[in-house]
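Spelled out, the chains give:
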Amino acid sequence: MSESAHISIRGLSKVFQSGGQEVCALSGIDLELARGEFVCLLGPSGCGKSTLLNAVAGFSLPTSGTITVDGSIITEPGPDRGMVFQEYALFPWMTVEQNVAFGLQIKKVPRPAIRSKVDGLLAMLHLDEFRKRYPKDLSGGMRQRVAIARVLAIDSPILLMDEPFGALDALTRRNLQDELLRLWTELRKTVLFVTHSIEEALYLADRIVVMTYRPGTLKRELAVDLPRPRDVAGPAFNALKKELSGWLMEEQSRHNLEEFRGATGD
C-alpha cells in the first residue's frame, strides 16, 4: 500500500451462492484511493460496481483479499465511511431536520452541537426552508439533498455513493452533480462514486475506473485531466467520452459473445 492511500483494496474477490452454484461477482480487484480523491467506478449493469462499494462500506465481506482504510482492515460498517444510496433511505416519519440529526443523536452528541451542525448543513444544501417537511412532501432531488446532508452530519472522511442521481431527471441530476462538486471542493472528502453514465463519470471524477462484465475486474483507469467546471460539449470532454465508450462497448461485445456461446453450447 502506498503511503498516500486512504483506501487500499488488495486482491479482492467476491463469490456468491445462487441456486446451488457459485457466482464470481468480483475477481482480483486492486485499487487505491488517495485522501481527498474523487474516483468513479464506471461499468455496465451487473459488473459488480455496487458489490465492490458494499464491500468498502463493510456491508459485505470479501471472499478473499483485503480492504483497508488508513491501514486498518475493514470488517464491518463504520462512521469513517458514509453511504448515499439511489433510493434516498430516509425515515418517512421524521422531518428533514430530524433525518439529518439522526446520526448525531445516535452518537450522543450534545443537543446544542446537533442544532448547530444541522443548521449549517441545511443552509449549505439549501434545505433550511424545508426543515419541517416530511420526505413525502419533497421532490426526488430534495430527498437526495437530505440524504447527503445526513451523511455529511456524521463527518465521515469517506463518501460512498451508489448511483445517487440515477433516478433523477437530467436537469435535477446536473444541479446535484454541481452541488456535490461544490461540497467536495469545500470539504475534500474521499469519494468513491458508482455510475453507469459515461458523461456523469467524466463530469465528476479525478479518475475513472472502468470495470469488466462479471466477474468484475478492473479493465482500465483514466485520469480526467480537465479543469472544472467541465464543458460537456467541449472537444476534450467528448474525446475522452469516445474513448470510454469504446472500452465499454468492448465489454458489451464480449458479454454478448459469451451469452451466445452459452445459448448455443459452443
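Provided above is the structure to which this section pertains.
Position numbers for residues start from 1 in each chain and track the written sequence from start to end. Only residues with pLDDT of 70 or above have their local features reported here, since the model is predicted, and side-chain atom pairs are shown and tallied only from 80 upward, although totals for entire chains, interfaces and linings are computed over all residues. The side-chain quantities take in all heavy atoms of the structure and omit both hydrogens and water.

Engineer: Got a sec to walk through the overall build of the protein chain? Specific residues and values, please.
Structural biologist: When its secondary structure is counted, the protein chain shows seven helices and 10 strands. Values of the radius of gyration come from C-alpha atoms, whereas the globule rule sets the reference at 2.2 Å times the count of residues to the power 0.38. Over its C-alpha trace the protein chain gives a radius of gyration of 19 Å, about what one expects of a compact globule, namely 18 Å for 266 residues. Dimensions of the protein chain along its principal axes, counting C-alpha atoms only, are 65 × 45 × 40 Å. Categorising residues by exposure relies on relative accessible area from a 1.4 Å probe, with only protein chains included: less than 20% of the type maximum marks a residue as buried, more than 50% marks it as exposed, and the intermediate range marks it as partly exposed. Per-residue burial for the protein chain yields a buried fraction of 48% across its 266 residues. Throughout, a contact is declared for two residues whenever any of their heavy atoms are within 4.5 Å. For the protein chain, restricting intrachain contacts to residue pairs at least 6 apart in sequence, the fraction spanning at least 24 positions comes to 69%. Side chains of the protein chain give 32 positive and 33 negative charges; the mean places of these two sets differ by 5 Å. Helix and strand definitions here come from DSSP, where helices need a minimum of 4 consecutive H or I residues and strands a minimum of 2 consecutive E residues; each element is numbered from the N-terminal end. When charges are counted, Lys and Arg contribute as positive and Asp and Glu as negative, whereas His and the chain ends are disregarded. The atom standing in for a charge is NZ when the residue is Lys, CZ when it is Arg, CG when it is Asp and CD when it is Glu.

Engineer: Lay out the pattern of salt bridges in plain terms, naming residues and giving numbers.
Structural biologist: A carboxyl oxygen of Asp or Glu within 4 Å of a side-chain nitrogen of Lys or Arg is what we treat as a salt bridge. Counted according to the given criterion, the structure contains 22 salt bridges. The salt bridge involving K189 is made with D155; its shortest N-O contact spans 2.8 Å. With K189 in the loop between α5 (170–187) and β8 (190–195) and D155 in the loop between α4 (140–153) and β7 (158–162), this pair connects stretches of sequence that are 34 residues apart. Take K189: its relative accessible area is 7%, and that puts it in the buried class. D155 gets classed as partly exposed once you look at its relative accessible area, which sits at 48%. Here D206 and R228 are joined by a salt bridge, their closest N and O atoms 3.1 Å apart. Linking D206 in the loop between α6 (198–204) and β9 (207–211) with R228 in the loop between β10 (218–223) and α7 (235–264), this pair joins segments that are 22 residues apart in sequence. Look at the salt bridges and you will find they share partners, linking E97, R115, D119, D128, R131 and K132 into a network.

Engineer: Summarise the sheet that holds β7; cite the residues concerned and give the values.
Structural biologist: Should DSSP find at least two bridges between two strands, the strands are regarded as paired. Strand order across the open sheet formed by six strands is β6-β7-β8-β3-β9-β10, with mixed pairing between neighbours. The open sheet has two edge strands, β6 (81–84) and β10, and neither has a second partner. In this sheet, adjacent strand axes meet at a mean angle of 15° when their direction is disregarded. Here strand β3 (residues 38–42) runs beside β9; their pairing, made up of four bridges, is parallel. Pairing of L41 across the sheet is with V209, part of β9. Between N-to-C directions, angles span 0 to 180 degrees; the directions come from axes that are lines fitted to C-alpha atoms, helices contributing only their stretch in contact.

Engineer: Please set out α4 residue by residue, giving values where relevant.
Structural biologist: Each helix should span, by expectation, one fewer than its residue count multiplied by 1.5 Å. For α4, with 14 residues, the first-to-last C-alpha span of 20 Å sits near the 20 Å given by 1.5 Å per residue. Three or more residues of α4 are buried, namely G141, M142, Q144, R145, V146, A147, I148, A149, R150, V151, L152 and A153. Downstream of α4 by one or two residues, D155 has phi in the positive range, about 60°.

Engineer: Break down the nonpolar core for me, citing the residues and quoting the values.
Structural biologist: Counting residues in each nonpolar core, the largest one holds 53 residues, and the members touching the most others are F38, F193, L202, I208 and L244. For this core, the element with the highest residue contribution is α4, accounting for eight residues. Apart from the residues within four sequence positions on either side, F193 is in contact with F38, V39, C40, L41, M161, P164, F165, L180, E200 and L204. What is meant by a nonpolar core is a set of buried Ala, Val, Leu, Ile, Met, Phe, Trp, Tyr and Cys residues, joined one to another through side-chain atoms within 4.5 Å. I9, L41, L160 and L192 belong to the second-largest nonpolar core, a separate cluster that totals 25 residues.

Engineer: I'd like a description of the state of the cysteines, backed by residues and values.
Structural biologist: The definition used for a disulfide is geometric: two cysteine sulfur atoms within 2.5 Å. Evaluation of the coordinates by the stated rule reveals zero disulfides. Residue C24 stays outside any disulfide, its sulfur separated by 13 Å from that of C47, the closest cysteine. Classification of C24 by relative accessible area gives partly exposed; the value is 28%. Cysteine C40 remains unbridged, with the sulfur of C47 as its closest cysteine sulfur at 13 Å.

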